[in-house]
Amino acid sequence: NIPPKKPWLGRFFSRTILFISIIANFILLGMIGQYFSGIMANEKYHSGSKTAKDKIALIHVNDAIMGSAVNHPIKDLEAARDDKDVKAVIVRMNSPGGDVMATDNLYRAMVDFKKKTEGKKPLIVLMDGIAASGAFWAAMPGDKILAGENAITG
């Protein structure tokens, strides 16, 4: 009589696949969390308190304006627009530009900000370092556009 074979190899593979699946799910969960972390504006208080009634929003547009990277500044603009305590917005541009679609989305978000606030919240664009091509285009809706002494614009 030959004793029946134990299916240890099948159990080993199924447990290994289960383990890899669990690790992959945790990685995907972390990636999804990072993606959606920019939906709400990330407020930092440089002076004063969290309960301040008069705030100035500072929104950074850094690096290339590409794809979904522009979602964070757009969401920040929307949050500043809807926050009744924000009295003005400064958009700090430090970008060589980017793709046409993302640049146009940022431009339209700034135009939309101005329309929906009806001019009650000034939109100031600070060109810092470099604000060329698409960054220059996206800056055009600003009520005031300021360029640093060493800024490269155009």
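Conventions adopted
- Residues numbered from 1 in each chain as written.
- Predicted model: local features only at pLDDT ≥ 70, side-chain atom pairs only at ≥ 80, totals over all residues.
- Heavy atoms only, no water.
- Helix = DSSP H or I, 4+ residues; strand = E, 2+ residues; numbered from the N terminus.
- Buried < 20%, exposed > 50% of the residue type's maximum accessible area, 1.4 Å probe, protein only.
- Contact = heavy atoms within 4.5 Å.
- Core = buried A, V, L, I, M, F, W, Y, C linked by side-chain atoms within 4.5 Å.
- Pairing = 2+ DSSP bridges.
- Right-handed = clockwise from strand over helix to strand, strands pointing away.
- Patch = residues over 30% accessible without salt bridge, like charges linked within 9 Å, V, L, I, M, F, W, Y side chains within 5 Å.
- Areas by Shrake-Rupley, 256 points an atom, 1.4 Å probe, with all protein chains shown as cover.
- Salt bridge = Lys/Arg side-chain N within 4 Å of Asp/Glu carboxyl O.

Chemist: Can you lay out the overall build of the chain for me, pointing to particular residues and giving the numbers?
Modeler: Each helix and strand in the chain was counted, giving four helices and five strands. Looking at the chain residue by residue over its 154 residues, the buried ones come to 27%. Restricting to contacts in the chain with at least 6 residues of sequence separation, those with at least 24 account for 72%.

Chemist: Residues and numbers for the nonpolar core, please.
Modeler: By size, the foremost hydrophobic cluster in this structure holds 24 residues, and its most contacted members are Leu77, Val89, Val91, Met93, Leu106 and Met110. Elements with a contribution of two residues or more to this core: β1 (55-62), α2 (71-82), β2 (86-95), α3 (100-117), β3 (123-131) and α4 (134-139). It is α3 that contributes the most residues to this core, five residues altogether. Those residues in contact with Leu77 that sit more than four places away from it in its chain are Ile59, Val89, Val91, Leu106, Ala109, Met110, Phe113 and Leu123.

Chemist: Lay out the pairing of strand β4 (residues 144-147) with the relevant residues and their values.
Modeler: As paired elements, β3 and β4 share four bridges and run parallel to each other. Looking at the pairing, Met127 lines up with Ala147 of β4. Read as a crossover between parallel neighbours, the route from β3 over α4 to β4 is right-handed.

Chemist: With reference to specific residues and values, describe unusual backbone geometry.
Modeler: The backbone phi angle of Glu118 is positive, close to 55 degrees, even though this residue is not glycine. Positionally, Glu118 belongs in the loop between α3 and β3. Given the relative accessible area of 59%, Glu118 is considered exposed. The backbone of Ser133 shows a phi angle near 50 degrees, a positive value even though the residue is not glycine. The topology assignment puts Ser133 in the loop between β3 and α4. Among the residues examined, Ser133 registers a relative accessible area of 48% and is labelled partly exposed.

Chemist: Can you lay out a nonpolar patch on the surface for me, pointing to particular residues and giving the numbers?
Modeler: A surface patch of nonpolar side chains, amounting to about 610 Å² of accessible area, comprises Phe19, Ile20, Ile23, Ile27, Leu28 and Met31. Among the structural elements, Ile20 can be located in helix α1 (residues 8-36). For Ile20, a relative accessible area of 52% corresponds to the exposed category.

Chemist: Break down the pattern of salt bridges for me, with residues and values.
Modeler: According to the stated counting rule, one finds ten salt bridges in the structure shown. Here Asp83 makes a salt bridge to Lys55, at a shortest N to O gap of 2.8 Å. With a gap of 28 residues between them, Asp83 in the loop between α2 and β2 and Lys55 in strand β1 connect regions that are remote in the sequence. In this structure, Lys84 and Asp85 form a salt bridge, with 3.9 Å as the shortest nitrogen-oxygen distance. Looking at Lys84, the relative accessible area reads 61%, which means it is exposed. For Asp85, a relative accessible area of 14% translates into the label buried.

Chemist: Describe the environment of Arg108, listing the residues and the values that go with them.
Modeler: Structurally, Arg108 is set in helix α3. What makes Arg108 exposed here is its relative accessible area of 53%. The spatial distance from the C-alpha of Arg108 to the C-alpha of Ala138 is 8.1 Å, given a sequence separation of 30 residues.

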